[in-house]
Amino acid sequence: MKSALICVICVSICVAAQARTVTTATLRDDVNTFLGKELAAHLAAIKSLDPPPDRILGVPTTGEYSWGTFMRSLAAYAETTGELAGRDLAKTVGQIGLIESRAGSKAFSQLYAALALRHFGRDLKTNPLWLSLSPEEQTAWRSLLNPERFYDPKTNKVINLPENYLGVASRIASIGYEMGISNDRAFLDKLLDRAALPFTEGNLYADDAPPTGRFDRYSNEYARYIWEAAESAGRKDLLDKIRPSLKAQMRLWWDVVSEDGYGYNWGRSQGVVSYLDTPEIAGFLASHAEFRPAPLADIAALYYQAWNYLLHDYRPDAHLLSIFAFGRGNYAYISRDREWQQTTGFFGKLANSHTPIMNALEKEGITTFPVVPSLPPVARFEFFRKTPERSAGVWVVRQGALRFALPITTGPKPGMSDYLPAPHGLAGFAAPVEQVYPSMTPFIELADGRTVVATDGADVIEPSANGRALRARWTKWAIVGTPAGKVQDVGITSEVVWRIENGAVTREETLSATQPVSIRRWRMAIPSTHSNIDMEMLKRGLVRFKSPSGALDVMFGADFPVQATVVAAGDTPGGRGVHGAIPLHLVYEAQNVELKAGSPLKSKLILTPQN
């Protein structure tokens, strides 16, 4: 029955693709039908909540945020439809909240609990979830909705968590105050003021690990969370300060996102997480028209594309997303014990965004919209931070077959592949997920054993006026194995110029020094999602990766001796990418290179994707 359901929906999607338009009413019904059937399957697998099962549908429920994610999904669906397979969803969600309360769960588990409660009504006197609880159970829920589990009001900081969790704490506190769970207005305002600080200080983007300069998709989520919290709390002063940020960040998101609904293609939110991000942003934009970077019909098309991908990634026989399929990479926080949590997160984000999108379309008289969004060409650099000491930003390009984002920012560790200044999203290229690895950015091992990388922001960033070239300079380098953001002067200057020309992206690097420097090892890799190499091209000095999906031509030259090797990654961490396997790596390597004062070393890389 469940497989038949997925087949029916897939047929509907295929018909829509052939017609090149989607009917608003059909999409509303398809998504609601899918959610109803799949949530019912997960709920039916739970025979008792006391004690809660440690496995559902064969996978663990013990991962972080698991029960909170599931109850939010049920509650969001309940607000849309009112029922599910004859179950009392308000009471069920209330009991699931007690599981999280007793476990001392924090952060997103608490936020999902707050959202779940609000889905059943904003007045506790009539809220069926709240009324289903005994006085003791209501006390347990009040504890669950206290952000002090991970936020310290004395220091005004989150406890051992990245900065974006201040947004999570703010939303919990604002919902709690709105619903009468808490009446401490001073506490709420102090938290909101602290959380909004990056924007009240005039920044458009939030550093997730200040002062290191870590900028990724969490900046967008953070701004949305603060906006929603300030909106709920009636803090117009904060809304006025956050407004410029959200307008800039939504424009950047629109320039970065792919036609298939894949959002930010660098950073910690890779794979399925980046597809799940799109419905959330689309839902927010449906309800906040002032921040739309494009017409609602195109935003709906992007929502449709993300839903389309996730539906095809869903295994109806197992009722789970294919998170750990062969070749799929995930950041460590998506562990095996969070497989159920990620799947039910799909349900929750879809259910929570679906109604506002559908309602906005109907309100604005949009009965059909295109299958594929109209994404305009773009070539520009967006600064996240611009200071004399260290700057950061991203070069976004959408020019024919050249589509990528090249970030110059800081990752959790120096040399982390997902944060390196490389064209992430370029067809045929993919960085292995969460690996310290020289993906299109050289690693240089010095004579003293240190390995240095031109990353973690840059000393100088100079985009061209037309956005088709970018120059960056590093005199201070990130050191592999040291804390992120702790850059050092190692006696070498790297100047890199990227250009778009003749359907290719080129990377030219000049290494220079004022005193002699011995380079023990220089290494750079081009990992490819294509599975074959054209041997005839190889004879002519060109490496052409190819597969049924296309090809990627690679040319490289340097004025120092470099050896090229092709490595088959197999089922190793280096072979796991955000969209699937990275079967082949072209590795360039040089050893015992002498960099002399006044005699710079140059290299040039040319990448040409072929459709």
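Check the entry above for the structure.
So, a few notes on the structure that sits alongside this text. Everything quoted here is computed from the prediction, not taken from an experiment.

As for the packing of aromatic side chains
- Counted by the stated rule, this structure contains 29 aromatic pairs.
- Their ring planes at 70° and their centres at 4.9 Å tell us that F381 and F383 sit as a pair that is edge-to-face.
- Over the face of the ring belonging to Y218 we find R217, whose NZ or CZ atom lies 4.7 Å from the ring centre.
- For the cation-ring pair, K386 lies above F383, with the distance from its terminal atom to the ring centre recorded as 4.7 Å.

Details of the pairing of strand β17 (residues 504-512)
- Judged from the nine bridges that link them, strand β16 (residues 488-501) and β17 form a sheet pairing that is antiparallel. In the sheet register, V497 faces β17, and the bridge partner there is E508.
- The hairpin turn running from β16 into β17, its antiparallel successor, is two residues long, and N502 in that turn takes a positive phi close to 55°.
- When β17 meets strand β24 (residues 601-610), the two strands line up antiparallel, connected through seven bridges. Looking at the pairing, T506 lines up with I606 of β24.

Some remarks on the side chain of R380
- Considering the arrangement of structural elements, one finds R380 in strand β9 (residues 378-385).
- R380 sits in the buried class, given a relative accessible area of 11%.
- In terms of polar contacts, R380 uses its side chain to reach the side chain of E382, at 2.6 Å.
- Once residues within four sequence positions are removed from consideration, R380 is found in contact with R251, L252, D255, V394, W395, V396 and G467.

Focus: the sheet that holds strand β10 (residues 392-399)
- The strand order across the open sheet formed by three strands is β9-β10-β11, and the pairing between neighbours is antiparallel. Edge strands, defined here as strands with exactly one partner in the open sheet, are β9 and β11 (402-408). Ignoring strand direction, the axes of neighbouring strands in this sheet form an average angle of 10°.
- Both β10 and β11 contribute to a ladder of seven bridges, which runs antiparallel. Its bridge partner being in β11, V394 is matched across the sheet by P407.

Conventions and cut-offs
- Residues numbered from 1 in each chain as written.
- Predicted model: local features only at pLDDT ≥ 70, side-chain atom pairs only at ≥ 80, totals over all residues.
- Heavy atoms only, no water.
- Phe/Tyr/Trp six-rings, centres within 6.5 Å; stacked < 30°, edge-to-face > 60°.
- Lys NZ or Arg CZ within 6 Å of the ring centre and 35° of its normal.
- Pairing = 2+ DSSP bridges.
- Helix = DSSP H or I, 4+ residues; strand = E, 2+ residues; numbered from the N terminus.
- Buried < 20%, exposed > 50% of the residue type's maximum accessible area, 1.4 Å probe, protein only.
- Polar contact = N/O pair within 3.5 Å; in protein donor to acceptor, adjacent residues only side chain to side chain.
- Contact = heavy atoms within 4.5 Å.
- Axes fitted to C-alpha atoms, helices over the stretch in contact; angles between N-to-C directions.

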